[in-house]
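Descriptive analysis of the structure
One-letter residues, chain by chain:
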Amino acid sequence: MIADRMKNLHPYEPGEQPKDREYIKLNANENPYSPSPKVTKEIIKSSKKYSQRLSLYPDPDSRELKRAIADMLNKTGGVLCRAECKGRKKSGSGAEVSPSQFDKLPFNVTEEMIYAGNGSDEVLSFIFYAFFDGNKELIVPEHSYSFYPVYAGFYQIPLNKVSLNTDWTLDKAKMVEAAKKNNSSIIFANPNAPTSLGLTREEIKEMLKNSPKDKVFVVDEAYVDFGGESAIPLLAEFDNLVVVRTFSKSLCGAGLRLGYAVASPNLIKQITIVKNSLNHFPIDYVAQRAGIAACSDVGYYVECAKTVAFERDEFIDFLKKQNWHVLESQTNFVFCKKDGLKGEYCYEQIKKKGILVRHFKTPGIEDYVRITIGTNKQMKELKKIILELK
Ligand SMILES: *Cc1c(COP(=O)(O)O)cnc(C)c1O
């Protein structure tokens with residue numbers, strides 16, 4: 001009854017969503033803040049005033065949303081906040097963001113350079129299908145986003161998992177060397193998960209220069225707005241680069257299911273061909289409207305990202321004082337462990353007290369827990385629990 005290909009499926013295990021009690025969820029790297037009020041308003045408007053619109057199919061190519069995304073990228077230089085997120089400074093709320101805070105991109109992002117999809121997970125899936133061959137190893141870091149091996153299984157793409165350096169940074173040289181050897185593609189998250197560390201744009205440029213030019217090179221920037229450096233400016237020089245983004249983290253919209261890719265129009269066309277062969281209408285009308293509204297309120301999301309970054313750096317200081325080992329973070333989560341306590345034990349004890357954090361059983365990282373940064377109140381609660389942990 002069941003097709004042979006099902007044997008290749010090893011589904012992704014998301015952060016748990018238990019229903020038995022109200023937990024504080026710090027296990028899926030969701031943003032603790034609501035989307036901009038403009039988004040909520042637009043959702044109400046699109047379901048009431050435009051209810052007639054819902055009986056019609058949405059724009060299959062989300063053109064207005066793509067334009068809104070392109071505008072947002074052009075306005076922000078590709079990233080919501082960089083220096084501010086590294087500065088350990090508390091942000092003033094509601095402050096207007098001046099355009100001078102952002103770097104300028106070396107080119108204008110056009111609608112043709114954007115592919116918009118139903119969450120970046122779907123975008124990634126189409127990228128795997130469009131660009132990675134089944135007879136070629138794809139280069140991934142040993143510890144990175146755990147959906148990559150899942151898609152590799154789904155599409156029957158062999159992986160070459162390159163181990164990280166002992167300080168948890170990506171082994172750039174080894175990855176590039178492996179890609180050159182077999183003329184392979186590379187994919188990784190920057191900043192990386194679950195390690196929270198990022199490469200600079202200069203480092204990515206070096207990797208791109210030395211990697212095969214006729215193979216697609218994917219940088220997944222799910223967390224870049226919390227203090228990372230975007231590779232988007234490098235699209236001016238490298239037409240084999242694909243940058244993947246999501247509305248789920250810095251744009252407070254995990255429930256909306258919106259993600260996108262930025263790349264040369266030629267590569268975007270290929271991703272669109274995959275979409276049109278699988279699901280013509282991946283983004284529903286309401287989500288398209290909500291996404292457009294989100295892109296128009298950059299100032300709101302900059303404030304959210306700054307607040308999360310401030311809270312994160314406070315939490316890192318706290319953990320260090322409690323003699324935890326914790327990595328610096330350019331993301332909205334921290335990767336940490338306490339000598340003498342097992343990762344799984346920490347996860348269980350914290351869960352007993354009502355907070356969910358993430359523990360991976362994967363060999364090599366099983367001593368650690370990954371903790372999403374929540375609101376100030378949630379983090380106070382967590383700090384109390386950690387002080388009692390033994
Ligand atoms: C959260 C995350 C995604 C998935 O984002 P969605 O848009 O919610 O599907 C993709 N890549 C990385 C590295 C992530 O952490």
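Residues numbered from 1 in each chain as written. Predicted model: local features only at pLDDT ≥ 70, side-chain atom pairs only at ≥ 80, totals over all residues. Heavy atoms only, no water.

1. Side note on the packing of aromatic side chains
As enumerated under the stated definition, the model contains 20 aromatic pairs in all. Seen from their ring centres, Tyr-145 and Phe-147 are 6.0 Å apart, and the 50° between their planes marks the pair as tilted. For Phe-147, a relative accessible area of 13% puts it in the buried group. Taken together, a centroid distance of 5.4 Å and an interplanar angle of 85° make the contact between Trp-168 and Phe-335 edge-to-face. You can see Trp-168 sitting in the loop between strand 4 (159–162) and helix 6 (172–182) and its partner Phe-335 sitting in strand 10 (residues 333–338), a full 167 residues away along the chain. By the burial criterion, Trp-168 is buried, and Phe-335 matches it. Three or more aromatic residues joined by ring pairs form one cluster here, namely Tyr-12, Phe-128, Phe-132, Tyr-145, Phe-147, Tyr-148 and Tyr-151. Taking NZ or CZ as reference, Arg-370 lies 5.7 Å from the ring centre of Phe-333, over its face. (Phe/Tyr/Trp six-rings, centres within 6.5 Å; stacked < 30°, edge-to-face > 60°. Buried < 20%, exposed > 50% of the residue type's maximum accessible area, 1.4 Å probe, protein only. Helix = DSSP H or I, 4+ residues; strand = E, 2+ residues; numbered from the N terminus. Lys NZ or Arg CZ within 6 Å of the ring centre and 35° of its normal.)

2. Some details on helix 2 (residues 63–76)
Taking 1.5 Å of rise per residue, the 14 residues of helix 2 would be expected to cover 20 Å, and the 20 Å separating its terminal C-alpha atoms lies within 8% of that figure. Among the residues of helix 2, Leu-65, Lys-66, Ala-68, Ile-69, Ala-70, Met-72, Leu-73 and Thr-76 are the ones counted as buried. At its buried positions, helix 2 is contacted by strand 2 (114–117), strand 7 (241–246), strand 8 (259–262), helix 9 (285–295) and helix 10 (298–321). (Expected span 1.5 Å × (residues − 1). Contact = heavy atoms within 4.5 Å.)

3. Some thoughts on the environment of Leu-197
Here Leu-197 shows up in the loop between strand 5 (186–189) and helix 7 (201–210). Once residues within four sequence positions are removed from consideration, Leu-197 is found in contact with Asp-167, Trp-168, Thr-169, Asn-190, Pro-191, Asn-192, Leu-327 and Glu-328.

4. Regarding the packing of helix 2 against helix 9
Two elements in contact, helix 2 and helix 9, have axes separated by 9 Å at closest approach and are oriented at 15°. If you check the angle between helix 2 and helix 9, you find them roughly parallel. Like other packed secondary-structure pairs, helix 2 and helix 9 cross with a definite hand, here left-handed. Taking contact as the criterion, the partners of Glu-64, Leu-65, Ala-68, Ile-69 and Met-72 in helix 2 are, on helix 9, Gln-288, Arg-289, Gly-291, Ile-292 and Cys-295. Split into classes, the residues belonging to the contact of helix 2 with helix 9 amount to 6 nonpolar, 2 polar and 2 charged. (Axes fitted to C-alpha atoms, helices over the stretch in contact; angles between N-to-C directions. Parallel < 35°, antiparallel > 145°, perpendicular 65-115°, else oblique. Left-handed = near helix turned anticlockwise from the far one by under 90°. Nonpolar A, V, L, I, M, F, W, Y, C, P; charged D, E, K, R; others polar.)

5. Let's talk about the sheet that holds strand 13 (residues 369–372)
Pairing is antiparallel across the open sheet formed by 4 strands, whose spatial order is 9-10-13-12. With one partner strand each, in any of the chains shown, strand 9 (324–326) and strand 12 (358–359) form the two edges of the open sheet. Alignment of strand 12 against strand 13, held across 2 bridges, turns out to be antiparallel. For Arg-358, the partnering residue across the bridge sits in strand 13 and is Arg-370. (Pairing = 2+ DSSP bridges.)

6. Focus: the site of the ligand
Near the ligand there are 13 residues, and of these Ser-120, Tyr-223, Thr-246, Ser-248 and Lys-249 occur at the shortest range. Between the ligand and Asp-121, the relevant distance is 2.9 Å, taken from an oxygen atom to a main-chain nitrogen or oxygen of the residue. Expressed as a share of its isolated accessible area of 390 Å², the protein-covered part of the ligand is 93%. When the residues that make up the shell around the ligand are grouped by side-chain class, the tally is 5 nonpolar, 4 polar and 4 charged. (Near = heavy atom within 4 Å. Polar contact = N/O pair within 3.5 Å; in protein donor to acceptor, adjacent residues only side chain to side chain. Areas by Shrake-Rupley, 256 points an atom, 1.4 Å probe, with all protein chains shown as cover.)

7. Side note on the nonpolar core
The tendency in soluble globular proteins is for nonpolar side chains to be buried side by side. Residues Phe-188, Leu-241 and Phe-315 are the most contacted members of the largest nonpolar core, which totals 96 residues. With 11 residues, helix 10 is the single largest residue contributor to this core. The residues contacting Leu-241, other than those within four sequence positions of it, are Leu-208, Phe-217, Val-219, Ala-231, Leu-234, Leu-235, Val-262, Ala-263 and Leu-267. Counting 29 residues, the second largest nonpolar core, distinct from the first, contains Leu-124, Phe-147, Ala-152 and Ile-187. (Core = buried A, V, L, I, M, F, W, Y, C linked by side-chain atoms within 4.5 Å.)

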